[in-house]
Amino acid sequence: MKIGIVCYPTFGGSGVVATELGLELSKRGHEIHFITYNQPVRLELISNNVHYHEVNVPEYPLFHYQPYELALSSKLVDMVKLHQIEILHVHYAIPHAYAAYMAKKMLQEEGIYVPIVTTLHGTDITLVGSHPFYKPAVTFSINKSDAVTAVSKSLKDDTLRLFDIKNDIHVVPNFIDLEKHDLHGFTDCQRGMMAKDNEKIITHISNLRPVKRVQDVISVFYNIQKEIPARLMFIGEGPEKEKVEQRCIELGIIDKVVFFGRSNEIDKILCFSDLFLLPSQTESFGLAALEAMASGVPVISSNTGGIPEVNIHGESGFLSDVGDVKDMTKNALYILSDKDRLKTFKDNARKQSLKFDLHAIVPQYEAIYEDTLANCLVL
Ligand code: GMT
């Protein structure tokens, strides 16, 4: 199949999922065309059947806001025609589903039919999409998609609760390339460079937005390091970064915290981690938690959204109410304070991640593409 993938090219989970999906589909013989405004961060390899087409939005003094949707729709029309793309898979509804629908209508005028699969990722439904400013356009573009998927059951339920949806929504969970996190094949785990032998390594990865509640990460870590020697690894950049640094200085723990910024070496950092913290306000899935678990790192998280579908309470880690720093601290210390217990939680975390093996999940997307194409031939 010739598949066009539209996504955000940034470090966010939706872009990561879209990129990993495209790369795996290309290995399975499909021709993949990424269409976005920058080369996706995890798209290191462009090959015979992986292509990248940049959407450019020229600046013009009249525009207070650059019309990205318009440029994207036009690019989609051009790329579908040039490369005979058969299906468009858009990740994150805003504005991708809307732009794809416009492209589809323009192409129909020329007798070309290209169906759209929309994958809902999280805040395109919860925090942003359901805002009255966007809701009518998001509802319309979900209903006009030829197939819709959500990355968790919780996100599907939220979508049906918040919008008037006429379409079926398929739950296709996020996935992980377990080989990349293969604990035995990994030889470059330089723990000694990051911490002393007696120190536990706690990790948090996110785009440091308010929804991630990074101040709770600091609070939990502060409590942990009062009881046992520990260091905190912070991966990611975002609007909360300065406040986080300032708080670490105020609490006198800045020398125990390492800020990696936007790192492409997530697997190396997770390799030497003992515990992962994800205290988010809302989280449709929690891809970062899955990546941690695949590296054998137990997760202390909030029990919001789709996280309970990923992190199993008392097995791969623990879940607490949003903002319950005390409970998160108690659970973290319970796991970290006993060597054998830590080993059990690490093994369980890895075992739980096996349920999200990309070899099991990617064929679900292929089946949706095939059904969607077959249905549109019937129409
Ligand atoms: O929705 C967002 O906040 C952005 C999005 C992203 O691009 O990072 O994150 C969402 O999609 C991820 C991939 O499906 C999920 O793992 C995240 O849980 C989800 N974020 C939220 O729901 C806050």
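Because the structure is a prediction, the values reported are computed rather than measured. (Residues numbered from 1 in each chain as written. Predicted model: local features only at pLDDT ≥ 70, side-chain atom pairs only at ≥ 80, totals over all residues. Heavy atoms only, no water.)

Undergrad: Would you explain the overall build of the protein in this entry?
TA: Secondary structure summary: the protein contains 13 helices and 13 strands in total. Over its C-alpha atoms the protein spans a radius of gyration of 21 Å, differing by no more than 12% from the 21 Å that the globule rule assigns to 379 residues. Taken over the C-alpha atoms alone, the protein extends approximately 70 × 45 × 35 Å along its principal axes. For the protein, the residues scored as buried account for 54% of the 379 residues in total. Sequence-distant contacts in the protein: of pairs separated by 6 or more residues, those separated by 24 or more amount to 69%. (Helix = DSSP H or I, 4+ residues; strand = E, 2+ residues; numbered from the N terminus. Rg over C-alpha atoms; globule rule 2.2 N^0.38 Å. Buried < 20%, exposed > 50% of the residue type's maximum accessible area, 1.4 Å probe, protein only. Contact = heavy atoms within 4.5 Å.)

Undergrad: When you look at the sheet that holds strand β6 (residues 147–150) in this model, what are you seeing that I'm missing?
TA: Consider a sheet: its strands pair through backbone hydrogen bonds, and that pairing is either parallel or antiparallel. Strand order across the open sheet formed by 7 strands is β3-β2-β1-β4-β5-β6-β7, with parallel pairing between neighbours. Each edge of the open sheet carries a strand with a single partner, namely β3 (50–54) and β7 (170–171). The pairing of strand β5 (residues 116–120) with β6 spans 4 bridges and is parallel. Bridging across to β6, leucine 120 finds its partner in alanine 150. Docked against the sheet, helix α3 (residues 93–109) engages β1 (2–6), β4 (87–91) and β5, running at close to 175 degrees with respect to β5. (Pairing = 2+ DSSP bridges. Axes fitted to C-alpha atoms, helices over the stretch in contact; angles between N-to-C directions.)

Undergrad: Honestly, the packing of aromatic side chains in this entry has me stumped. Any pointers?
TA: Aromatic rings in a pair are described by how distant their centres are and how their planes are angled relative to each other. Inspection of the entire model under this criterion finds 11 aromatic pairs. When the centroid spacing of 5.5 Å and the interplanar angle of 80 degrees are considered together, the rings of tyrosine 8 and tyrosine 92 count as edge-to-face. Pair noted here: tyrosine 8 is in the loop between β1 and α1 (13–27) and tyrosine 92 is in the loop between β4 and α3, with a separation of 84 residues, a long-range link. On the basis of relative accessible area, tyrosine 8 is assigned to the partly exposed category, the value being 22%. The class for tyrosine 92 is buried, based on a relative accessible area of 15%. Look at phenylalanine 318 and tyrosine 334: their rings are 5.9 Å apart centre to centre, the planes differ by 75 degrees, and that puts the pair in the edge-to-face class. A residue pair is termed long-range when its members are at least 10 positions apart, and phenylalanine 318 in strand β13 (residues 317–320) and tyrosine 334 in helix α11 (residues 325–336) qualify at 16 residues. Tyrosine 334 gets classed as partly exposed once you look at its relative accessible area, which sits at 40%. Ring pairs connect the aromatic residues Tyr8, Tyr37, Tyr68 and Tyr92, which therefore count as one cluster. Above the ring of phenylalanine 163, the side-chain terminus of lysine 135 is found at 5.9 Å from the ring centroid. Its end group placed over the ring of tyrosine 334, arginine 341 keeps NZ or CZ at 3.9 Å from the ring centre. (Phe/Tyr/Trp six-rings, centres within 6.5 Å; stacked < 30°, edge-to-face > 60°. Lys NZ or Arg CZ within 6 Å of the ring centre and 35° of its normal.)

Undergrad: What should I look at first to understand helix α6 (residues 214–227) in this one?
TA: Owing to its 3.6 residues per turn, the α-helix brings residues three or four apart onto one side. Taking 1.5 Å per residue, 14 residues should reach 20 Å; α6 reaches 21 Å between its end C-alpha atoms and fits that length. Counted residue by residue, α6 has 10 buried out of 14 residues, so it is predominantly covered. Those residues of α6 that fall on the buried side of the exposure criterion are Val214, Asp216, Val217, Ile218, Ser219, Val220, Phe221, Asn223, Ile224 and Gln225. Summarising the contacts, the buried residues of α6 are in contact with β8 (200–205), β9 (230–235), α7 (241–251), β10 (257–261), β11 (275–278) and α11. (Expected span 1.5 Å × (residues − 1).)

Undergrad: Can you walk me through unusual backbone geometry in this structure?
TA: Note: most residues except glycine have negative phi, and most peptide bonds are trans. Geometrically, the link from isoleucine 94 to proline 95 is a cis peptide bond, its omega value of -15 degrees lying close to zero. With respect to the helices, strands and loops of the structure, proline 95 is situated in helix α3. For tyrosine 92, which is not a glycine, the phi torsion comes out positive at approximately 80 degrees. Its identity is not glycine, yet leucine 208 carries a phi of approximately 45 degrees, on the positive side. On the basis of relative accessible area, leucine 208 is assigned to the buried category, the value being 0%.

Undergrad: Any chance you could explain the pairing of β10 here in plain terms?
TA: Remember that side chains alternate between the two faces of the sheet whenever the strand is regular. Summarising the sheet, β9 and β10 pair through 4 bridges and their orientation is parallel. Bridge assignment links phenylalanine 234 to a residue of β10, and that residue is phenylalanine 259. After leaving β9, the chain enters α7 and then returns to the sheet as β10, a path that is right-handed. (Right-handed = clockwise from strand over helix to strand, strands pointing away.)

Undergrad: Would you explain the site of the ligand in this entry?
TA: Around the ligand, the structure places 16 residues, and the nearest of them are Gly13, Ser14, His121, Thr123 and Glu283. Take leucine 287: an N or O atom from its main chain is 3.0 Å from an oxygen atom of the ligand. Contact with the protein chains covers 94% of the free accessible surface of the ligand, which is 490 Å². Here the shell around the ligand is built from residues that sort into 4 nonpolar, 10 polar and 2 charged. (Near = heavy atom within 4 Å. Polar contact = N/O pair within 3.5 Å; in protein donor to acceptor, adjacent residues only side chain to side chain. Areas by Shrake-Rupley, 256 points an atom, 1.4 Å probe, with all protein chains shown as cover. Nonpolar A, V, L, I, M, F, W, Y, C, P; charged D, E, K, R; others polar.)

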